[in-house]
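Structure at a glance
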Amino acid sequence: MSDPFLESSTPQTQLIPALQAALPPDALLWTSEQTAPYECDGLTAYRQRPLAVALPEDEAQVQAVLRACHALGVPVVARGAGTGLSGGALPDARGVTLSLARLNRIIAIDPLARTARVQCGVRNLAISEAAARHDLYYAPDPSSQIACTIGGNVAENSGGVHCLKYGLTVHNVLRVRGFTIEGDPVEFGGAALDAPGYDLLALVTGSEGMLAVTTEVTVRLIPKPQLARCALASFASVESAGDAVARVIAEGIIPAGLELMDKPMTAAVEAFVHAGYDRDAAAILLCESDGTPEEVEEEIARISEVLRQAGATRIAVSRDEAERLRFWSGRKNAFPASGRISPDYMCMDSTIPRARLAEMLAAIAELGGRYGLRCCNVFHAGDGNLHPLILFDANDPDQFKRAERFGADILETSVRLGGSITGEHGVGIEKLNSMCVQFSPEENAQMLALKRAFDPPGLLNPGKVIPTHPRCVEYGRMLVRGGLLPHPELERF
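Keep in mind that what you see is a predicted model, and the values were worked out from it rather than measured.

Some details on the environment of P196
For P196, the position within the fold is in the loop between β9 (185-189) and α7 (200-204). A relative accessible area of 78% places P196 in the exposed class. Along the primary structure P196 and G167 are separated by 29 residues, whereas in three dimensions their C-alpha atoms are 23 Å apart.

Notes on the sheet that holds strand β6 (residues 115-119)
In spatial order, the strands read β5-β6-β10-β8-β9; together these five strands make up an open sheet with antiparallel pairing. Single-partner strands in this sheet number two, and they are β5 (106-110) and β9. Each adjacent strand pair in this sheet contributes to an overall mean axis angle of 10°, direction not counted. Judged from the five bridges that link them, strand β8 (residues 173-179) and β9 form a sheet pairing that is antiparallel. From the neighbouring strand, R175 faces β9, where its bridge partner is G189. Together, β5, β6 and β10 (213-220) form the strand contacts of helix α4 (residues 124-131), whose direction differs from that of β5 by roughly 45°.

A closer look at the sheet that holds strand β2 (residues 52-54)
Spatially, the four strands line up as an open sheet ordered β1-β2-β4-β3, and their pairing is mixed. Every other strand in the sheet has two partners, leaving β1 (28-29) and β3 (76-79) as the edge strands with one partner each. Pairing analysis gives four bridges linking β3 to strand β4 (residues 96-99), with the strands arranged parallel. Across the sheet, the residue bridging to V77 is T97, located in β4.

Details of the packing of helix α8 (residues 238-250) against helix α10 (residues 293-309)
The contact between α8 and α10 brings their axes to 9 Å, and the two run at 140°. Comparing the axis directions of α8 and α10 gives the class oblique. In terms of crossing hand, the pair formed by α8 and α10 is right-handed. On α10, the residues that touch A244, R247 and V248 of α8 are V306, L307 and Q309. Partitioning the contact of α8 with α10 into residue classes produces four nonpolar, one polar and one charged.

Quick notes on helix α3 (residues 59-72)
Every α-helical turn comprises 3.6 residues, leaving residues that sit three or four positions apart pointing alike. Helix length check: α3 (14 residues) gives 20 Å between terminal C-alpha atoms against 20 Å at 1.5 Å per residue, within 8%. For α3, the complete set of buried residues consists of E59, Q61, V62, Q63, V65, L66, A68, C69 and L72. Between the side-chain oxygen of the N-cap and the backbone nitrogen of A60 there are 3.2 Å, and the N-cap of α3 in question is D58. Positive backbone phi, approximately 70°, marks G73, located one or two places after α3.

Things to note about the packing of aromatic side chains
One pass over the structure, following the stated rule, counts five aromatic pairs. The interplanar angle of 45° and the centroid separation of 6.3 Å between the aromatic rings of F335 and Y345 together place this pair among those described as tilted. On the criterion of sequence distance, the pair formed by F335 in helix α12 (residues 334-341) and Y345 in strand β16 (residues 344-347) is long-range, its members being ten residues apart. Overall, Y345 belongs to the partly exposed group, its relative accessible area being 28%. Relative to F400, the ring of F392 lies with its centre 6.1 Å away and its plane at 35°, an arrangement referred to as tilted. A single burial state applies to F392 and to F400, both of which are buried. Pairwise contacts between aromatic rings join Y46, F392 and F400 into one cluster.

Thoughts on the pairing of strand β19 (residues 385-392)
Taken residue by residue, a regular strand's side chains alternate between the two faces of the sheet. Among the eight residues of β19, eight are classified as buried, and the element is accordingly described as predominantly covered. Burial along β19 is two-sided: the face carrying N385, H387, L389 and L391 and the face carrying L386, P388, I390 and F392 are both buried. Note that β16 and β19 share four bridges and pair antiparallel. Across the sheet, Y345 pairs through a bridge with L391, a residue of β19. One ladder, built from two bridges, connects strand β17 (residues 350-351) with β19; its direction is antiparallel. Bridge assignment links S350 to a residue of β19, and that residue is L386. Relative to β19, strand β18 (residues 375-380) is paired through six bridges, and the arrangement is antiparallel. Residue pairing for β19: V378 is matched across the bridge by H387. Hairpin connection between β18 and β19: a loop of four residues separates the two successive antiparallel strands, and G384 in this loop has a positive phi of roughly 70°.

Each value, and the rule that gives it
- Residues numbered from 1 in each chain as written.
- Predicted model: local features only at pLDDT ≥ 70, side-chain atom pairs only at ≥ 80, totals over all residues.
- Heavy atoms only, no water.
- Helix = DSSP H or I, 4+ residues; strand = E, 2+ residues; numbered from the N terminus.
- Buried < 20%, exposed > 50% of the residue type's maximum accessible area, 1.4 Å probe, protein only.
- Pairing = 2+ DSSP bridges.
- Axes fitted to C-alpha atoms, helices over the stretch in contact; angles between N-to-C directions.
- Contact = heavy atoms within 4.5 Å.
- Parallel < 35°, antiparallel > 145°, perpendicular 65-115°, else oblique.
- Left-handed = near helix turned anticlockwise from the far one by under 90°.
- Nonpolar A, V, L, I, M, F, W, Y, C, P; charged D, E, K, R; others polar.
- Expected span 1.5 Å × (residues − 1).
- Polar contact = N/O pair within 3.5 Å; in protein donor to acceptor, adjacent residues only side chain to side chain.
- Phe/Tyr/Trp six-rings, centres within 6.5 Å; stacked < 30°, edge-to-face > 60°.

If you want it as C-alpha cells, here you go:
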C-alpha cells in the first residue's frame, strides 16, 4: 500500500515527525485503517479521512499539537465523542483530527459554589453522576448525554428536553479554557457572575470549534428537585397539540420539559421501548413539572386543566419515578428508534415561533409527499426547536438527493415562518447553503471577519459554518427571486 505522506507536499511530510515529537507513541494515528473510524461524526452521509488523528492526554500535548500544525499551516478539526449531527467534526483531508476524548477527568466539584470543573472529554451525564452525592446535577440534557462530551456541548450550545426551564449550555457554563490555533492559552468567562469586557464566553459557546480548542469547562450545578412528575397527553390532531403548547406558556407555566411527537414518531418509539404512548393519537405531549411536592402538585393540576381545555383526549400523570422515566424513555430514544425502521435517517434541526408549530408540521407533511419520503417529527415544543427525522436509504443515490433537498426545504420554511436554520445541532457542513437563506452576504462576511480575529490563518475547522463559495450567495438570491423567501429579504441579497 502506498504511503500518502511519501507522496504529499513538504508540510505534510513534516507533519508526522512533528506530531510524533509532541505525542506519546500510542497517541498518533495516521494509516488509512487507523483513521477510518474518524471519517465522520453523527452525520454519516458525509465522510472524509484526515491525514492524521492526534489523541493528546493533557493540555500540554494539545498545545504542542496546535503549535506544530500552526507552524506547518495544517488545518485542525477538534473532535469530542463524534455525536454531532451536522458534520461539524468531519475531518479535513489536508489536516489533523484532534481527538480530545482522553481529556476526561472531573477536576473538582464544589458543592458550596455549586460548580464543577471538568476536562472537555467528560461525558455530559457523567457530570450529574459525579454531583449526585451532593444532591446536585447539570441541567442541559441532550438526547445523546450518555455519550456526548461537555466540550462538544460547548461547541454546539446544546440543549435538551429540560432546556425550556433551565436553559441551554450557554446559560449553564461559567468558564471555558482552551488554546488558540497558535497554541496560546485563552480563557473565557470566570468564577464571578460577570467577566470584564465583551461577553466572549457567549461568543465561544456555539462557535463549533472555529475560534479556539476547548480543553476545560466550569459548569453551573443546580439542586436536584425534590420531586418531578410528567404528564403524558394525547391529541387527535397536531394542531390541537400545538395549541396546547401555546396555552401552557400563555398561562405563565414554565414546565421543566415540554416535548411534542407526531404519530409516526410515537409508533416508532413505542415499538422500541414500550413507553406507554397512545398509538392512536395524532400527536402526544410530554409536560413535566419539578420542585417541591407542593409546587409540583399545584403545577401538574394547572397543566392538566390547560391540556384538557386544549382538547387532550387522554392524560396520564406519572405516579412514581419509574413511570416518569418510562414516559421520557421514548423521547430519549427517538433517534435509535428511527434507525430501526429505516436504513438511514437525516435529523434536521431548526427553530420556529411556537405559534406556528402546526403550520410547520403541515408544511413538512406536504414536503414529504412531494419528495416521496417518510418523516418522523419530535421536538422541544416549548422553545420551538424542531427535529424532523427524514427516513431514506443512502444506498439509493436518488433517495439521498431527495432527502437533502427535503431537509433544505424544511430549513427554508423555518426561516420563512420567522425562525432559524439551527437550534442546537449547529451548521457544520450540512447547512452551509442554508446560511445564505438566513443571512445576507454582508452578514456572513462579518462572521468570517470575527473568525479571522481569533484564527487569522483559518486553520481551525475550515470550510464549516460560514459559507464562502459564490454559489452559496447565488443560491440565496435564487430563492428570493423564486418567491421562496419573503420579498423584504430581496434587499439582503
